[in-house]
Amino acid sequence: MEIRLESQPYAAVQSDALVTYVFDKDDKFDGALGEIDRAMDGRLASLASSGELTGKSLELTLLHFPEGLAAKKLLLVGAGKPAKFAAVSDLRKIAGTAARYLKTRGVKKLAFLTREGERGPAAAQAVVEGLIVADFESDKYRTDRKNREIESVALCGFDGGLGADLKAAVEHGRAIAESQNFARDLINEPSNKLTPRILAARAEAMAKEAGLAVEILDERKIGELKMGALIGVAQGSVEPPRVIVVRYTPEHPRPGAPVLGLVGKAVTFDTGGISIKPANNMEKMKYDMGGGATMLGAMRALAKLKPSIPVIAVIPATENMPGGRAQKPGDVQVAMSGKTIEVINTDAEGRLILADAVYYARQLGCTHLIDAATLTGAIEVALANVHVGAFGTPREYLDRFLESAKAVGEKMWPMPMDDEYEEMIKSNIADIRNTGSGKGGGASTGAWFIKEFAEDTPWIHLDIASTCWADDGRPWLAKGPTGIAIRSIVDFALKQ
Ligand code: BES
Ligand code: MN
Ligand code: ZN
């Protein structure tokens, strides 16, 4: 998608459609909207008084051949009540909703006019993010693909974007949104097209293109490092595991600066292993590598946005299969850290592979950690598909992260990490067991298991099991992988 900060006045911009937005009820049709209304002989005002144009959130009103505009169509998107309008997150949704609506109507060239007061870098970035994320389709494996991508966008109202900060904002938005789409593309891949080895190759190609250092640990190296928890999961499959390590190093590293570790669960298919899952919906377990894809997406964006601290992604990749060599309930595995784990349920495999990856990230020098994982069905019981479950210690570290999530409009909710949950993962015969007591709190016991390996390193765990994939589309987002958490992680890394 080609995006330019338009220097011509909006009315003169040739496009298939000009998009702008209208507030609920008390929109005065001032500024540019007033000009448009007057050029159309008060048609907007009369649509408003007849009740057809209300400005209700994401209401769509399409007008053809609008007088006074070089655009072929005018799309008015409802912006809701002005008092509830949050410029950045609502502009993102408005732009995304417009793009998804118009692309099904053959629009290739779009112009987007922000209202007076929303013409700074943050607004430009939000519109760019909304448009690019909305343009993603899951039609790679359809032979009747429609190729409805939007080709070009003119951002109007920004006075040609003469300010360097506006140009930077557009590129910032592009880096984040395209990285979200990069992750979504990986998450969509079926497991026969994305084995751990193929995921590693895709990560390697991305890293080379983005200018990041990358190292792939194969099964021999994983064995040498004694990653017993990861090996325990991988041994049920004929596909060998991989650990993907991607590094970003700032140009002028400060000695003693924090090193951020991004650990992402990448189970390219989760059958549950010997504790096998029911057939219903099992096909969705191709997205059990969503945490790993999230971290690869974040790294791709950070390579372009250049935070001042080093960032290392560690992504354990494996299948969870019930093959003849598969681990069995009751087996004891020795993690890389030396801790012993009683495997009560082979379907609680995510925490096992994260145990070794989190420990390895600390060995590589990470002083701060974030992990993302499609870890538990329990998080859906707690938060539905609305919020990401966010765990972490110390609490202040988590709170700082939640500020980033809020700033970028990603819903995340702090979850408890009390000591009682630790009691629930004590084993009778080993140091810990990989499931809780069966009396609830499944997302928290899962988090505590990972914390056993993060120990005192400041650590955040994002359970994205219910938010990484949207079963239903939204007006601004295709159904399927959402790319959640990348914006927050990138924002957080840039603020360190
Ligand atoms: N990958 C699943 C969690 C999951 C469930 C992700 C639904 C996305 C949608 C994970 O490996 C798993 O199976 N967790 C178990 C843990 C339990 C056995 C303690 C679960 O949540 O049922
Ligand atoms: Mn599982
Ligand atoms: Zn899983």
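Look a little higher up for the structure.
These numbers come from a predicted model, not from an experiment. (Residues numbered from 1 in each chain as written. Chains lettered and ligands numbered in written order. Predicted model: local features only at pLDDT ≥ 70, side-chain atom pairs only at ≥ 80, totals over all residues. Heavy atoms only, no water.)

Q: Where do I start with unusual backbone geometry in this structure?
A: Peptide bonds are, in most cases, trans, and in most cases residues other than glycine have a negative phi. Cis geometry is found at the peptide bond from Thr393 to Pro394, where omega equals -10°. As for its placement among the helices and strands, Pro394 is situated in the loop between strand S15 (388–393) and helix H12 (395–407). A positive phi angle, close to 45°, is found at Phe65, a residue other than glycine. Note that Phe65 resides in the loop between strand S3 (60–64) and strand S4 (73–78). Backbone geometry at Asn147 places phi at a positive 45°, although glycine is not the residue there. (Helix = DSSP H or I, 4+ residues; strand = E, 2+ residues; numbered from the N terminus.)

Q: Would you explain the packing of aromatic side chains in this entry?
A: Both the distance between ring centres and the angle between the ring planes are used here to describe each pair of aromatic rings. All chains considered together, the criterion is met by eight aromatic pairs. Ring geometry for Tyr21 versus Phe85: centroids 6.1 Å apart, planes at 15°, classification stacked. Taken together, the residues span a long stretch of sequence, with Tyr21 in strand S2 (residues 17–22) and Phe85 in the loop between S4 and helix H3 (87–103) at a distance of 64 residues. We classify Phe85 as buried; its relative accessible area is 15%. Their ring planes at 65° and their centres at 5.3 Å tell us that Phe401 and Phe492 sit as a pair that is edge-to-face. Residue Phe401 is found in helix H12, and its partner Phe492 is found in helix H15 (residues 486–494); the two are separated by 91 residues along the sequence. With relative accessibility at 0%, the residue Phe401 sits in the buried group. Looking at Phe492, the relative accessible area reads 2%, which means it is buried. Aromatic rings pair up to connect Tyr21, Phe23, Phe85 and Phe112 into one cluster. Here Arg105 stacks its cationic end above the ring of Tyr101, 3.7 Å away from the centre of that ring. (Phe/Tyr/Trp six-rings, centres within 6.5 Å; stacked < 30°, edge-to-face > 60°. Buried < 20%, exposed > 50% of the residue type's maximum accessible area, 1.4 Å probe, protein only. Lys NZ or Arg CZ within 6 Å of the ring centre and 35° of its normal.)

Q: What is the right way to look at the nonpolar core in this model?
A: Here is a general trend for soluble globular proteins: nonpolar side chains tend to be buried in one another's company. Leu262, Leu296, Ile370, Met412 and Leu462 are the most contacted members of the largest nonpolar core, which has 57 residues in total. Ranked by residues supplied to this core, first place goes to helix H9 (residues 290–305) with nine residues. If near-sequence neighbours (up to four positions away) are discounted, Met412 is found in contact with His387, Val388, Ala390, Phe401, Leu402, Ala405, Leu462, Ala485 and Ser488. With 47 residues, the next largest nonpolar core counts Leu217, Val245, Val267 and Val343 among its residues. (Core = buried A, V, L, I, M, F, W, Y, C linked by side-chain atoms within 4.5 Å. Contact = heavy atoms within 4.5 Å.)

Q: Just checking my understanding: could you explain the pattern of salt bridges for this structure?
A: Pairs may arise between side chains of opposite charge once their charged atoms sit close together. Per the counting criterion, the structure on display carries 31 salt bridges. Of the charged contacts, one joins Lys81 and Asp24 as a salt bridge, the two residues approaching to 3.0 Å between their closest N and O atoms. Of the two residues, Lys81 sits in the loop between S4 and H3 while Asp24 sits in the loop between S2 and helix H1 (31–39), which places them 57 residues apart along the sequence. Of the residues examined, Lys81 reaches a relative accessible area of 44% and is grouped as partly exposed. Of the charged contacts in the structure, one is a salt bridge between Asp288 and Lys265, with a shortest N-O distance of 3.1 Å. Here Asp288, found in the loop between strand S10 (266–270) and H9, pairs with Lys265, found in the loop between strand S9 (260–264) and S10; they are 23 residues apart in sequence, far enough to count as distant. Judged by its relative accessible area of 2%, Asp288 is buried. Overlapping salt bridges bring together Arg100, Lys103, Asp135 and Glu137 as one network. (Salt bridge = Lys/Arg side-chain N within 4 Å of Asp/Glu carboxyl O.)

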